[in-house]
Each structure stands twice: as structure tokens, then as C-alpha cells.
Amino acid sequence: MSKRKGTSVSENPNKRSRSVNESENAADSDQEDPILSNVRLPLSDAGIVESITLKNFMCHSLLGPFTFGSNVNFVVGNNGSKCGKSAVLTALIVALGGNAQATNRGSSLRGFVKEGESSADVSITLRNKGRDAYKPEVYGSAIILDLRITREGLRTYKLRSKSGQLISTKKEELVSILDNFNIQVNNPVSVLTQEMSKYFLHSKGEGDKYKFFMKATQLEQMREDFIYIKTTKHLTEDKVEQHSECLKDLKRKYLEKEDRYRSLASLDEMHTKLEELQKQMAWALNKVDEAEKKYKQVQEQLERITQQVQELQPKCAELKTEAQKRNNLLNISQKTGAESKARAERIEQIQTELENLKHQISTLGQQIDQYHHAISRAKEEQGKMREQEVLQRSIEANRRNLQTMESSRSNRLRRFGEQMPALLNAIQEAHRRGQFKHRPRGPLGYLISLKDPELALAVEVCLKGQLLAFTCDNYEDEKVLQGLMARMFQGGRRPAIITSNFLSQVHDTRKKAVNHPNYPSVLQALEIEDPVVANCLIDQKGIESILLIKNRTEARRVMQSKSPPANCIHAFSKDGDQIFTNRSYAAEQTRANYLSGDVEEEIRYMSDLELENQKAQATRFQQQMRKLDDDVKQNEGLLRRAHQDQKTIKEDLSKTDQEVIKCKHHKKHYDEKRSAHLHSIQTLEGNLKSKEKEYEMSVAKAKEICLERVESRRSARTLDSEISRLKLKITSQKEQQGDREEIVRQYHEALESYKNMTQQMKNLNSFIKSLDSVMSHRLQAYAELRRFLSARCKYYFDSMLAQRGYSGSMIFDHKNETLSISVQPGQGNKADLSDMRSLSGGERSFSTVCFVLSLWAITEAPFRCLDEFDVYMDMVNRRISMDMMLKVAASQRYRQFIFLTPQNMSSLPESKIIRILRLKDPDRGQRNTQRGEDGDQ
């Protein structure tokens, strides 16, 4: 039996619980029904069996699927006919984790596989609804449990969700599900098989009845757990006693190892002193100090010469730079000192050639200037032509708009295009001929008007292309309208078409519309007579959620505050600026083209605009002419300045030649001085490298022994004698004590063992102390629970017997583990009570049913199964027992009852909570069939 937590009256409020308030005495049992009086129905019915299907199980190829009702179910079939009545109960026990012995149908699972088949399958669907549902987000409203039993006796599970998806194949998941639903198939109160019922009816021992009571209430399981805990506690106490003796030995060994470990301290000190002496000896044997002094002297001398070179370097570099600059001006290459006369003659020749070249350059420059001037004039003329074309196109567009505005004096529709009147006439004619199911609406801007003319630009920028759009009710009308537009707008851009069902009422936008006390939405600012037009703009642009705020600053303050208006997606100012909660955009359009109310004002504006364009063109040409004159004057000034610069350069040429010669003499002097210093530096660097090598060799020898330098005033001979003496002392000490590493290892092992054993003893003593306290409390609670369940069982048993007019008593002897039940049929003196063994078979069966119902009242399970509970009852007792069980079932709609009986149950009352499954006797040589009936059919 799996150790699942049983549910008592008040232990777990989240499970199925009932508020039962009664006393142990049953004096008032005849006043009202004890089952119905104090029952509070919970809302959950999770864990009941919805359906079961058997395949190759026992002697049946296929049984089911059987669909069970949520309350009372009768599985009816003849005894001995192999109709499958007991097979259903057996499959239910095995599939829900029960063992083969609990079914009384076999000793091994392999016996349930049909002869000649390799495996048997059972599929059960458990309801998974309500507050007690198990992982509803994973399994859904039902858990499908598929069991397969192989011929070898192996059992495998597959747990699926409501949709059939495989969730798990682990037995642990099934145990968690059974624990969550509190399903106990091995509990005789949850599932009372035929064999268990017969055994209970024929049982004459009071100890057997007591065992039955203890097993049904799970008190037996609790007692076994207490015995196991008590045994574990005794074993732990014995282990503690054994460890106490071991702890004394470990402590003694630890103290011995600690004494030897401490004796190693003096030996460590001698080793440390020896290492220090060896380091001093290593640095004392090498002449490192002398090498360092020589190295410092050479380094200082090198630094002095380097400093002198650095002082001369800037002046030498300056003279070299100046000479190079003069040479670049003359474009004369450097020559040796022997060619100085030839260089002077060459300078005069170059100067003459320079004058000729300058004259040629001047002539070529003038020609180039002429060419540049001609090119720039051509480009300017070309630019003027392009600008003139742009202005001309702008003027033509303004003239067309002006003509449109003038024609709209008599017809406002022309503002939306010259073809619009003809298109609307064509639409009207097509509608008259029946080509449209519903007449299209458009253009949408023509069908709306403004309440405030100042908001014309804002609304026009908001709606944009929707002002010229049309709307149709269906796609057939859209195709007809596209054909009309193709004829009217040949080669031009057509208006957009929006297809949406026409409604006779405007959408209800109260929930999602913006409602500001000071500023209207676009929907509120428009007058729209046609609901179709209003719905189209609401669907396409969401005009109910867009605010219109005239002032741009105020619009930003309202929209970009910490709490912008609810349901507002953005807003527009009267200048057409679009403002969001985190950004804003300026409008490219400056005037309203379609929604402005004053046509004459628009015409005047367009006329003034054309005049301004012409004036602007004339002004631009004048500015270009002035600019050309300024450029000519500027170029003449530049030319004069160039001639003056040319004259100045000629005067500087002679001065530069003299300075170059002087600089060359200075450069030669400093180059010779620099070469002497560099030679001295190279010599000193060679000496320095040799000294560095000597120094590095000395230091390397010392570092082989000690990486860091150690100062010592003693000589090498004194250090050597002291090292020898210390080595002898260390050798003698090691011979006396033994291996150092072995002593340290033994000490740490002894210390670790002693600490571990001490901690284990501490933990075990604490565990025993806690276990004593817990067990004392648990045993007290166990005794109180046993007393309480016994009293409730007596109360319900007396109440059940009283419904038949019987009287009885139930005496629990918990010390001797006996349960004595006495029943007196009919009204009589309690002194005349007799044991159940003296009753007839029907009376004994009725008393058994009363006992089972009383156990039902004090235990919890999602479903109850009884197999042939009425087998030994006469008609009267069967009827009374049936009424009692149906009354209990009616009062517990959240619990499922499955009764297996050979009776036909034709006398049952009609009720929606009763379902009858009738199993037909199988035809010989054919597969078994079955039929289910609802109780209300």
C-alpha cells in the first residue's frame, strides 16, 4: 500500500471537506437525516471516473468505452455470464496503481492478459476540473491514463492531456495525481470488491472488523508509520552508543598526533634559519657591489654626453630646416663645396628662365581666366533657365488651382477634381440602372463639414488622402466603381476606394473615444449626416481618438504631460502640426485646399500667390546680375594683388640666396661637432654593454639560490661554518622524529576524524531529541483522531440503522484491537441486542451496508465502488439499502458512486443523476458488446 496522506475532517481545508458538527451521542438522530443535515457541498468534483475502455483484458477482446455519470452509476450484468462486470472493477483497481492481490482475481498481472494476446490495455479518463484540479494548465479538463500490461507481467503508463498529448510516462507522476485526488483503490471503503464483501459478511471475528475500520480510515497506515519511526529511533540510539566508544579512542589518538606535530615547530625554525644563511652566502660569494659601482660610473658619463648632444640637436635641426626651406624656394639641388662657382652661374641662368616662365604663366593665366569666365557664364545661363522652368511650372500649377477655385464658385465639388462632378453623375446613373447594390459614398471630404472653420487645415492634414476617397459596401460595387474611375481618370491618379459594410447607425465609440472637457475630437468637430461616412472615417483614421487643439504650445502641454488624455493617440494644432506623447511633427501644408469655407478668399490668395511668384522671379534675376558684377570687381582686385606679390618675390630672391650660403657654413660646423659626440657615445655604449654582461652573470649566479638580494655584514667563511653546524643539528633531529610529511598527514587525518565523529554525535543526539518531541505530539494527535473517528462512526451507524427501525451498538476496544457490533431488528430493548452472527443473511447484509455508509461518512474519496453489495439481501432490505445509498449520493453530488449488481434495477426512480450501464451476455464465438443507458431515458 502506497503511503499517501489520508484526509481527515479538519487536516486539509483545500481538499474535499465537509463541515460536520455533531456530538458523540446520537440521542437526536431521529429528528432529521444525519447525512443531509450538516453537509456543505464543495465546488470541486475532480478525480471522478469519466470513462473506461478495456482491450484484451482478462477474457474480453474489447469492452467499452463506458461513460460514467458524475454521481450514481449502476453496472448491471448477469453473474457467471462473463459479461465483463467484474472486469471493469478489476481494470479500475489495476490501472490506478492497485496490486493484483487486491482484485482477488489473480496473483500476478500477467494473468489479466487475454489468452493468445501479447498485452492488455486499459484506458481511464479522470475529470480534472474545479479547485482540486491537478496541473490544469498542462492536462486541461481531463487526464487520460493509458495502462499496458505485457505477457511478462510488466506494467507501463502513459499520462495524456485532454487533447491526447503525451505528458508523462513516470509512475511518480501517477502517484502525484492519485495523492492530489485522494484516490485509494486498496482502501475497502473506496473500492469494496465482491470477495472482500463476502469475507466481511462472513467474518465472525471482532478483530477483523476492527482491522477493516483501521484500514478504511487509514489509521492502520499511520500506526505502521509510527512503528517504523520507533524502530528507526532505537537503531539510532544504538548507533550513538557505539559512536561514543569510538569517539573516546579517536580523541586519544588525536592528542598523541598533536604532541608529535607540535614537536616539529623547532625543526621548522632551523630549516628557516638555514635557508636564510644560504641566501646570504650566495650574494656574499659574488662581487656584485663592485660591478654595480662600475656600472653606475659608466652610466653617469653616458648621461652627460647624451645631454650635450640633446642641447645641440635643436639648433642643428633648426639650421637644417631653414636651409631646406631656402632651397625649396629656389628649386636648386644641394651640391658639394667644390661646385660653388658653377652653382652661382646656374642661379643666374635659372633666374632668367624664371622670368620667361613667369611671363608665359601670366599669358596662360589670362587665357585660362577667359575660359573659366565663359564656362561660368554658360553655367549661370543654364541655371537661370532651370530656375525659370521651375518657376514656370509652379505658376502653371497655381493657375490650374486658381481655375479650379473659380469653377468651384458655382460647384464646390470641383475643388476635389475636375472629373468629380462627371464621376458622381456616372455613379448616380449606374445606381439608377441597378449596377450597385448600395450607392457608393464619396468623395468623403465633400460629405463632411466643419463646425469651426479655423480647424480646416488641422482636419485636412489629419484625414489626408481620405478626403478624396470613396467607400463601397461590397467588392462587387467596388469593381463597378473602379470601371467608372478608369473612364473618368484616364492616365491620371484615381481616388482610393474603401470597402466596408454599410451600417445605418454610427459606431458606439463611447468606450474608446477621447473625451476632453476643453478640446474636441475630430469626430466632434465634424458635421457628418451620413452614418456610412462617419463609420468609414472612424474605422480608417480613428477620428474619435484624435484631439484638435488650436494652440501648438497648449497641444504639447496637454499631450506630453505626465497624464495625457485617456484614449488619445495624438493631436493636431490648427496649423496642422501633429503632436504625440513623446514627439511632434510640423505640417508641410500651409493652407486648406478642400475644407476651407471662403472660396473668394482662396481665389484672392491664389491670385496674390501668382503675382508674388512673378515678382520673386524678377528680383532673383536682378540679384544674379549684381552678383556677377561683384565677382568681376573681386577678380580684378585679385589680379592686382597677384602682380604686387610677384614683384615682392623677386626682391626676396637675392636676399634668400645669401642667407642660404650662410646657413650652409653653420650646418657644416655643427655636423662635425655632432659626429664627434656620436663617436664618443658609441665607445661608451660598448663599454657599458660589457659591464652589463658581467653584472648579469654575477646576479644570475646569486639568483639561482635566492631571487631577492640579501644584505649581510659577515664574510663568506663565517656563513659557511654556521651553515655546516646547522645542517648537522637538523640531521640529528630528523633521525629522532621520523618522516615530517607522514607526521603532518597523520595529525590532520586524526583531527578531521575527531571533528567528523563529534559532529555526527551532535547531529544524532539532536535528531533523537527532535524525534521524541515529534512522536509524542503525533501519538497524542493519533489517539485523539482515532477517538474522534470512532465516535463519528458510532453516530452514523446508529443513524443508518434507525432508518430501518433497527437499533444497535458499536463498541471499540482500541487496547485489544476489537470492534463489537450488535444489532436488534425492529424496535426493542437495547438489552436484547445480539451479535450480527445471529442475524439472517439479508439483515446481516443490511447491517453491513449501514457500517459501510458510516465509514463513507468519515472518509474522503472522489468515487466509491461496491461490487454486489446486495447479494444476500431480500427485496425489503435491498430496497431500503438502495434508498439509503441513493440519499447519500444525492447529498454528495460532488462524489461519484459505482455499484456493480446482477439485479436489473428496473425499480429505480427516474433521476438525472443516475446512469445505468447494462452489459449484455456475450454471444458464444463473438466479441462482447455492451450498452449504456442514462437513468433519465
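Our subject in this report is the structure included herewith. What you are looking at is a predicted structure, and each value in this text was computed from that prediction instead of being measured.

1. Structural notes on the pattern of salt bridges
Should the charged atoms of two oppositely charged side chains come close, the side chains can pair.
Link 1 in the chain: Per the counting criterion, the structure on display carries 22 salt bridges.
Link 2 in the chain: In this structure, the salt-bridge partner of R127 is E50, at a minimum N-O distance of 3.1 Å. Taken as a pair, R127 in strand 4 (residues 119-127) and E50 in strand 1 (residues 49-57) lie far apart in primary sequence, 77 residues in all.
Link 3 in the chain: The buried category is assigned to R127, whose relative accessible area is 16%.
Link 4 in the chain: Take E50: its relative accessible area is 17%, and that puts it in the buried class.
Link 5 in the chain: Across the pair E860 and R895 runs a salt bridge whose closest N-O atoms are separated by 2.6 Å. In this pair, E860 sits in the loop between helix 21 (841-858) and strand 20 (863-867) while R895 sits in the loop between helix 22 (875-891) and strand 21 (896-901), placing the two residues 35 residues apart along the sequence.
Link 6 in the chain: Looking at E860, the relative accessible area reads 10%, which means it is buried.
Link 7 in the chain: Where salt bridges share partners, they join E220, R223 and E817 into one cluster.

2. What to know about the pairing of strand 6 (residues 155-160)
Link 1 in the chain: The sheet contact formed by strand 5 (residues 142-150) and strand 6 spans 6 bridges and is antiparallel. From the neighbouring strand, R148 faces strand 6, where its bridge partner is T156.
Link 2 in the chain: Between the antiparallel neighbours strand 5 and strand 6 lie 4 residues, among them G153 with a positive phi of about 90 degrees.
Link 3 in the chain: Summarising the sheet, strand 6 and strand 7 (residues 166-168) pair through 2 bridges and their orientation is antiparallel. Directly across from L159, in strand 7, lies its bridge partner S168.

3. Here we look at the packing of aromatic side chains
Link 1 in the chain: This structure, assessed with the given rule, holds 16 aromatic pairs.
Link 2 in the chain: Between F74 and F899 the ring centres are 5.3 Å apart and the planes differ by 35 degrees, which places this aromatic pair in the tilted class. Here F74, found in strand 3 (residues 72-76), pairs with F899, found in strand 21; they are 825 residues apart in sequence, far enough to count as distant. Across this residue pair, the class does not change: F74 and F899 are buried.
Link 3 in the chain: Seen from their ring centres, Y134 and Y139 are 6.0 Å apart, and the 40 degrees between their planes marks the pair as tilted. For the pair formed by Y134 and Y139, the shared burial category is buried.
Link 4 in the chain: Taken together, the ring pairs connect F74, W856, F897 and F899 into an aromatic cluster.

4. Focus: unusual backbone geometry
Link 1 in the chain: Of note, the amide linkage connecting G64 to P65 takes the cis form, showing an omega dihedral of 5 degrees.
Link 2 in the chain: Of note, the amide linkage connecting G442 to P443 takes the cis form, showing an omega dihedral of -10 degrees.
Link 3 in the chain: Mapped onto the elements of the fold, P443 is located in the loop between helix 12 (420-432) and strand 9 (448-450).
Link 4 in the chain: Backbone geometry places M58, a non-glycine residue, at a positive phi of 55 degrees.

5. A word on the sheet that holds strand 14 (residues 570-572)
Link 1 in the chain: Strands sit in the order 13-14-15-16 across an open sheet of 4 strands; the sheet is mixed. In the strand order of this sheet, the two ends are held by strand 13 (546-548) and strand 16 (584-585), each with one partner.

6. Topic: the state of the cysteines
Link 1 in the chain: Counted under the stated rule, the structure contains 0 disulfides.
Link 2 in the chain: Here C536 stays free of any disulfide, with the sulfur of C472 as its closest cysteine sulfur at 9.9 Å.
Link 3 in the chain: Judged by its relative accessible area of 6%, C536 falls in the buried class.

7. Re the nonpolar core
Link 1 in the chain: Core analysis: the biggest nonpolar cluster contains 53 residues, and F74, F213, F851, L855 and W856 have the highest contact counts within it.
Link 2 in the chain: When residues of this core are assigned to their parent elements, the largest contribution, 11 residues, is made by helix 20 (residues 740-802).
Link 3 in the chain: Counting residues in each nonpolar core, the second largest holds 47 residues, with Y134, L145, L147 and C865 among its members.

8. Let's talk about the sheet that holds strand 6
Link 1 in the chain: Taking strand neighbours across the sheet as the criterion, the 6 strands line up as 2-1-4-5-6-7 in an open arrangement whose pairing is antiparallel. Edge positions in the sheet fall to strand 2 (60-67) and strand 7, since each has one partner strand and no second. In this sheet, adjacent strand axes meet at a mean angle of 20 degrees when their direction is disregarded.
Link 2 in the chain: Where helix 2 (residues 85-95) meets the sheet, its contacts fall on strand 1, strand 2, strand 4, strand 5 and strand 6, and the angle it forms with strand 1 comes to roughly 100 degrees.
Link 3 in the chain: Packed onto the sheet, helix 5 (residues 171-181) meets strand 4, strand 5, strand 6 and strand 7 and runs at close to 65 degrees relative to strand 6.

9. Here we look at the pairing of strand 5
Link 1 in the chain: Counting buried positions over the 9 residues of strand 5 gives 8, a clear majority of the element.
Link 2 in the chain: As paired strands, strand 4 and strand 5 are joined by 9 bridges and run antiparallel to one another. Pairing of I124 across the sheet is with L145, part of strand 5.

10. Describing the packing of helix 12 against helix 14 (residues 475-488)
Link 1 in the chain: Packing of helix 12 against helix 14 brings their axes to within 10 Å, and their N-to-C directions diverge by 145 degrees. In the crossing of helix 12 with helix 14, the sense of the turn from one axis to the other is right-handed. Counting all contacts with helix 12, which are made through A422, L423, A426, I427 and A430, the residues of helix 14 involved are L481, L484, M485 and M488.
Link 2 in the chain: Residues of the contact of helix 12 with helix 14, tallied by class, amount to 9 nonpolar, no polar and no charged.

11. Looking at the environment of S573
Link 1 in the chain: As for its placement among the helices and strands, S573 is situated in the loop between strand 14 and strand 15 (578-579).
Link 2 in the chain: As a C-alpha pair, S573 and L455 span 118 residues in sequence and 8.0 Å in three-dimensional space.
Link 3 in the chain: Excluding anything up to four places from it in sequence, S573 contacts A458, I549, K550, N551, R552 and I579.

12. A few points about helix 8 (residues 219-262)
It helps to recall that an α-helix has 3.6 residues per turn; residues three or four apart then point in one direction.
Link 1 in the chain: Over its 44 residues, helix 8 extends 62 Å from the first C-alpha to the last, a length consistent with the 64 Å expected when each residue adds 1.5 Å.
Link 2 in the chain: All of the buried residues in helix 8 are L219, Q221, R223, F226, K233, T236, V240, H243, L247, Y254 and E258.

13. A few points about the side chain of T859
Link 1 in the chain: Note that T859 resides in the loop between helix 21 and strand 20.
Link 2 in the chain: Given a relative accessible area of 7%, T859 falls into the buried group.
Link 3 in the chain: A polar contact is formed between the side chain of T859 and the backbone oxygen of L855, at a distance of 2.8 Å.
Link 4 in the chain: Discounting chain neighbours no more than four positions away, the residues touching T859 are V189, A216, T217, R864 and R895.

Reading the values: the criteria
- Residues numbered from 1 in each chain as written.
- Predicted model: local features only at pLDDT ≥ 70, side-chain atom pairs only at ≥ 80, totals over all residues.
- Heavy atoms only, no water.
- Salt bridge = Lys/Arg side-chain N within 4 Å of Asp/Glu carboxyl O.
- Helix = DSSP H or I, 4+ residues; strand = E, 2+ residues; numbered from the N terminus.
- Buried < 20%, exposed > 50% of the residue type's maximum accessible area, 1.4 Å probe, protein only.
- Pairing = 2+ DSSP bridges.
- Phe/Tyr/Trp six-rings, centres within 6.5 Å; stacked < 30°, edge-to-face > 60°.
- Disulfide = S-S within 2.5 Å.
- Core = buried A, V, L, I, M, F, W, Y, C linked by side-chain atoms within 4.5 Å.
- Axes fitted to C-alpha atoms, helices over the stretch in contact; angles between N-to-C directions.
- Contact = heavy atoms within 4.5 Å.
- Left-handed = near helix turned anticlockwise from the far one by under 90°.
- Nonpolar A, V, L, I, M, F, W, Y, C, P; charged D, E, K, R; others polar.
- Expected span 1.5 Å × (residues − 1).
- Polar contact = N/O pair within 3.5 Å; in protein donor to acceptor, adjacent residues only side chain to side chain.

Structural measurements only, silent on function.
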